[in-house]
Amino acid sequence: MEVGQLQRKFVDYTASLFCEGFLDEQFTQLQQLQDESNPDFVVEVVSLFFEDTEKLLNDLTRALDQQSVDFKKVDAHVHQLKGSSSSIGAQRVRNACIAFRNFCEEQNTDACSKCLLQVKQEYSLVKNKLDTLFRLEQQIVEAGGAVPMVG
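Keep in mind that what you see is a predicted model, and the values were worked out from it rather than measured.

(A) Focus on the UniProt feature "modified residue: Phosphohistidine" (unreviewed entry) in the protein. The positions UniProt marks with the feature "modified residue: Phosphohistidine" (unreviewed entry) are His79. Topologically, His79 is positioned in helix H4 (residues 71–88). Judged by relative accessible area, His79 falls into the partly exposed class, the value being 43%.

(B) Broad picture of unusual backbone geometry. Look at Gln107: it is not a glycine, yet its phi comes out positive at around 55 degrees. In this structure, Gln107 sits in the loop between helix H5 (91–105) and helix H6 (109–142). Residue classification places Gln107 among the exposed residues on the basis of a relative accessible area of 53%.

(C) Highlighting the UniProt feature "domain: HPt" (unreviewed entry) in the protein. Listed under "domain: HPt" (unreviewed entry) in the UniProt record, and renumbered for this structure, are residues 38–147. Secondary structure content for residues 38–147 is 84% helix and 0% strand, and the end C-alpha separation is 14 Å.

(D) Geometry of the pattern of salt bridges. Evaluation of the coordinates by the stated rule reveals 8 salt bridges. Across the pair Arg62 and Asp59 runs a salt bridge whose closest N-O atoms are separated by 2.7 Å. Taken together, the residues Arg62 and Asp59, both in helix H3 (residues 41–65) and 3 residues apart, mark about one turn of the helix. Of the charged contacts, one joins Asp131 and Lys127 as a salt bridge, the two residues approaching to 3.2 Å between their closest N and O atoms. Remark: Lys127 and Asp131 occur in helix H6; sequence separation between them is 4 residues, near one turn of the helix.

(E) Quick peek at H5. Taking 1.5 Å per residue, 15 residues should reach 21 Å; H5 reaches 22 Å between its end C-alpha atoms and fits that length. Taken together, the buried positions of H5 are occupied by Val93, Arg94, Ala96, Cys97, Phe100 and Cys104. Summarising the axial view, the buried residues of H5 lie within an arc of 160 degrees, below the 170-degree limit, and thus occupy one face. Check the buried side of H5 and you find it contacts H3, H4 and H6.

(F) View of the packing of aromatic side chains. Counted according to the given criterion, the structure contains 3 aromatic pairs. Here Phe49 and Phe50 contribute two aromatic rings whose centre-to-centre distance is 6.1 Å and whose plane-to-plane angle is 50 degrees, an arrangement assigned as tilted. The burial state of Phe49 is the same as that of Phe50; both residues are buried. A centroid spacing of 6.1 Å and a plane angle of 75 degrees characterise the contact between Phe50 and Tyr123, whose relative ring orientation is edge-to-face. With Phe50 in helix H3 and Tyr123 in helix H6, the pair connects residues that are 73 residues apart, well separated along the chain. Since its relative accessible area comes to 8%, Phe50 is described here as buried. Classification of Tyr123 by relative accessible area gives buried; the value is 4%. Grouping aromatic residues by their ring pairs yields a cluster made of Phe49, Phe50 and Tyr123.

Each value, and the rule that gives it
Position numbers for residues count from 1 along each chain, tracking the sequence in the order it is written. Reporting of local features is limited, given that this is a predicted model, to residues whose pLDDT is at least 70; pairs of side-chain atoms are given and counted only at 80 or more, and all residues count toward the totals for whole chains, interfaces and linings. Hydrogens and water molecules were not included; the side-chain quantities draw on all heavy atoms of the structure. UniProt positions are given in the numbering used here, feature names are shortened, and annotations may be inferred rather than shown by experiment. In DSSP terms, a helix is any run of H or I states spanning at least four residues, a strand is any run of E spanning at least two, and both are numbered starting from the N terminus. A 1.4 Å probe rolled over the protein chains alone gives each residue an accessible area, and that area as a share of the maximum for its type sets the label: buried under 20%, exposed over 50%, partly exposed in between. Here a salt bridge means any side-chain nitrogen of Lys or Arg lying within 4 Å of a carboxyl oxygen belonging to Asp or Glu. A helix is expected to span 1.5 Å multiplied by its residue count minus one. Here the arc refers to the directions that run from the helix axis out to each C-beta atom. Should any heavy atoms of two residues lie within 4.5 Å, those residues are considered in contact. Centre distance within 6.5 Å is the pairing criterion for rings of Phe, Tyr and Trp, where only the six-membered ring of Trp is used; planes under 30 degrees apart are then read as stacked, over 60 as edge-to-face, and the remainder as tilted.

The following block contains the structure:
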């Protein structure tokens, strides 16, 4: 695929991520912080988000599997995940965390377990979408083009 086609595909794909609610304006702000002196800024920040989220999801799974659930601990993990997803603009993950925190307050184990599944699903979706976006960026750069600014 030639550079122009890749760039159009990148712009269209990015737009779809916003339209479908996977990303919000916070992601655009992240992109605007990236420049020639730090060309991998967004990938690095999002990679840290992926690492942190994998750990938090494992911690949440363990916490909810306990005989006696420590809802304060669960809520602290969900609060942390809500903040980090919000900071990269992962809107649907953040929204799933908001519902999750409400059930932590109610100390509703079944609802928390369902919310955890929802958060895992939204995380998996946004991770796949962002991985695809970053692969497109890579293809544009490898083809000698500049990654278009979107937003």
